[in-house]
Each structure stands twice: as C-alpha cells, then as structure tokens.
Amino acid sequence: MSRSARALEYRGRSYTPDRPEGRAEKDWRAIDEAGTVAGLRALVIMATVFGRPAARAVVRLVAAYYVLVSRAARRHIRHFRSRLGLRTGFLDLYRHVLRFAQCTLDALFFVRGRTDLFKITRDGHGHLEALRSSGQSAVLLGAHVGSFYAMRQQSKHEELPLVPVMYTKNARRLNALLESLDPSSTTRFVEIGDGGQMEFMLAIRERIDEGALVAILADRVPADGRSVEVDFLGGRARFPVGPYILAAALRCPVYFTAGIYRGGNHYALKCVPFAERVVLPRRRRQQALTEYAQKYAQLLEAECRSAPDNWFNFFDFFGDETSSESSPP
C-alpha cells in the first residue's frame, strides 16, 4: 500500500480482539502508524505549495486506491451503510472514503489556523458562549463522525478553553506532526493511557477547576472494556460508560457535539444539551449508565442518518460482521 493510502488508514482502521472462528484482528488502539507520517508530510508540502484544491485532487486518487486495495474498509463501510438502507456499490464506498480523506486533509489546514478557507455554521453555539461567560466547565461528548479538528480550531478562534481527552499512544509521531503545524497552539490534552485512574482523574479535575471544556469522543470501547449494549441503527452496539462516570464525578453539565462536513468548504458545528448533571444512583447505577449511553446513541444515530458519509469508524463496530464481503467491490 502506498504511503498516502496509509495516511488515510491511520484513523479509519480499527479491529476488535476477540473474534469468532479464530479471527485475530488487532484492537483499534494497536494501529500501526507506519507510513502515515510520511504520507501526511507529502500532503502538507503539496497543500502548502499548491493549495487546498490541488491537494483535494490528489486525495481523490488516494481514496480510490484505498478502496480498491482494502477489503476490510469495503466490508466495514458496506456493513454500516446497509444498516441505513443505503447503496453499497463501489462508487458509494469510494465517496464515503473520499469524505474521510477530505476531512483528513482539511485537518491540516485547521491546525494551521486557516479557518478563512472554510464556511463554518453553528447550531447551539449559545450554550458554549454562556459557559465561557460564566466561567463554568463542562464535558463535551463527541464521536468519530465528521471533523474534531474543525470544532477544536473554532474553539481556539473563539477563545473557548477546550481540553481534548485523547488516546495518542498508537500514533505519537502522527500527532506530533499535526501539532508541529501550529506551534503557537496552547491547546492542552489529557492522555488516555495505561497510568493509574487516580492520576487521570486528577489531571481532568485540574482542567475542570480552570473552567475548561473537556472534550471526549464517546463512541469507542476503551481498553478496560467498560461498556453497555444499547440500540443503535436498527441493531445492538456497545458504547463506553467511562464518559458518564467521569461526568458524574466532575458534577458539571454535559453536551453532545459534532462537526459535520457538508461538502465543499462547509462545516456545520452542533452543540446540544445532554444532561445538566450526570447522576448515577448506587442502587441503579448500571441502569443509569445504560440510559445515558442510549441517549448518546440516539443523538449519534441522528447525525449518522443526516450525514452518513461522515461516519469514520472503519472497523467492526457492531461486532457482527462476517469475514467475507457480501458482494464484490
């Protein structure tokens, strides 16, 4: 696979460790970033020298190559789209991967502060303005849908104290490259790693005490496996419970957020109140966690139905895929 194609794969390829019939696929946290940095460096140079239109032309070719060579990507996207009753032909899969490629490319411009290249519309922005005015902290729930970097850069532009909670150990060089594109950035993130729970909570608490908005992508099950099964897109899927346990401990408001790419240069940012405060009663703790996860899944499903090509979980998200494709590419 070419370096540029691997650059597309760094966020999209993800696997679950326990598969039936002896399948031994990697967990999404164990993604190899080999080839990714070189591919993105090439895109950075092209985008810098020739601009966004020329770079977008190149990623069209890279996306086509990726769909041709990656059976896993075709299978995962086809499975997701079939749940929405959408077409799953080669061109449909290509357009889906192309959307991911375009968002990846635009991330390079966002981290360099080039918001002038984009049309940004906002829905529910008043909630964030109210938090900033009052100095109140909050937890923002996101997903691997659309562009996190569009939301992050807009928050920087509007001086919102955003602190992402991220897992970066599988792509340290990649993240270092992205951060190097904006050396003036003051955005701080909290690492999800193998350290102690107490250390992690103290780091989050410190940011909350500063009035920060803590952003968490809440759609992938973590290494500890703490999750619940809820209804999602006509089936059942597992979602993590950590974000709600964290929010309950922090005792601050929670919002659902998304940065949907609408094509061209348009990104639509959304912020929806999720809970004034997450409460987990001792006697019905598991039930409450399931209810919060179900509410999140419903909000996420609405975004998936509104913009299905913004879904970038290119792995067996539902845990019920077969190893073979249902139809040829």
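In the block above lies the structure referred to throughout.
Residues numbered from 1 in each chain as written. Predicted model: local features only at pLDDT ≥ 70, side-chain atom pairs only at ≥ 80, totals over all residues. Heavy atoms only, no water.

(A) Molecular detail of the overall build of the protein. For the protein, the count of helices and strands is 11 helices and nine strands. Looking at the protein residue by residue over its 329 residues, the buried ones come to 54%. For the protein, contacts bridging at least 24 residues in sequence account for 75% of all contacts bridging at least 6. (Helix = DSSP H or I, 4+ residues; strand = E, 2+ residues; numbered from the N terminus. Buried < 20%, exposed > 50% of the residue type's maximum accessible area, 1.4 Å probe, protein only. Contact = heavy atoms within 4.5 Å.)

(B) Expanded view of the side chain of S147. Position of S147 among the secondary structure elements: in the loop between β2 (138-142) and α7 (148-157). The buried category is assigned to S147, whose relative accessible area is 2%. Within the local environment of S147, its side chain forms a polar contact with the backbone nitrogen of Y149, the two atoms lying 3.3 Å apart. Looking at S147, its side chain comes within polar contact range of the main-chain nitrogen of A150, at 3.0 Å. Excluding residues within four positions of it along the chain, S147 makes contact with F110, G259 and Y267. (Polar contact = N/O pair within 3.5 Å; in protein donor to acceptor, adjacent residues only side chain to side chain.)

(C) Structural context of the nonpolar core. If you look at the biggest cluster of nonpolar residues, it comprises 52 residues, and the most contacted ones within it are I204, F232, F239, Y244, V278, Y296 and L300. Top contributing element to this core by residue count: helix α11 (residues 285-306), with eight residues. A55, V67, I77 and L108 belong to the second largest nonpolar core, which has 44 residues in total. (Core = buried A, V, L, I, M, F, W, Y, C linked by side-chain atoms within 4.5 Å.)

(D) Examining the side chain of D316 more closely. In this structure, D316 sits in the segment after α11. There is a polar contact of 3.4 Å between the side chain of D316 and the backbone nitrogen of E321.

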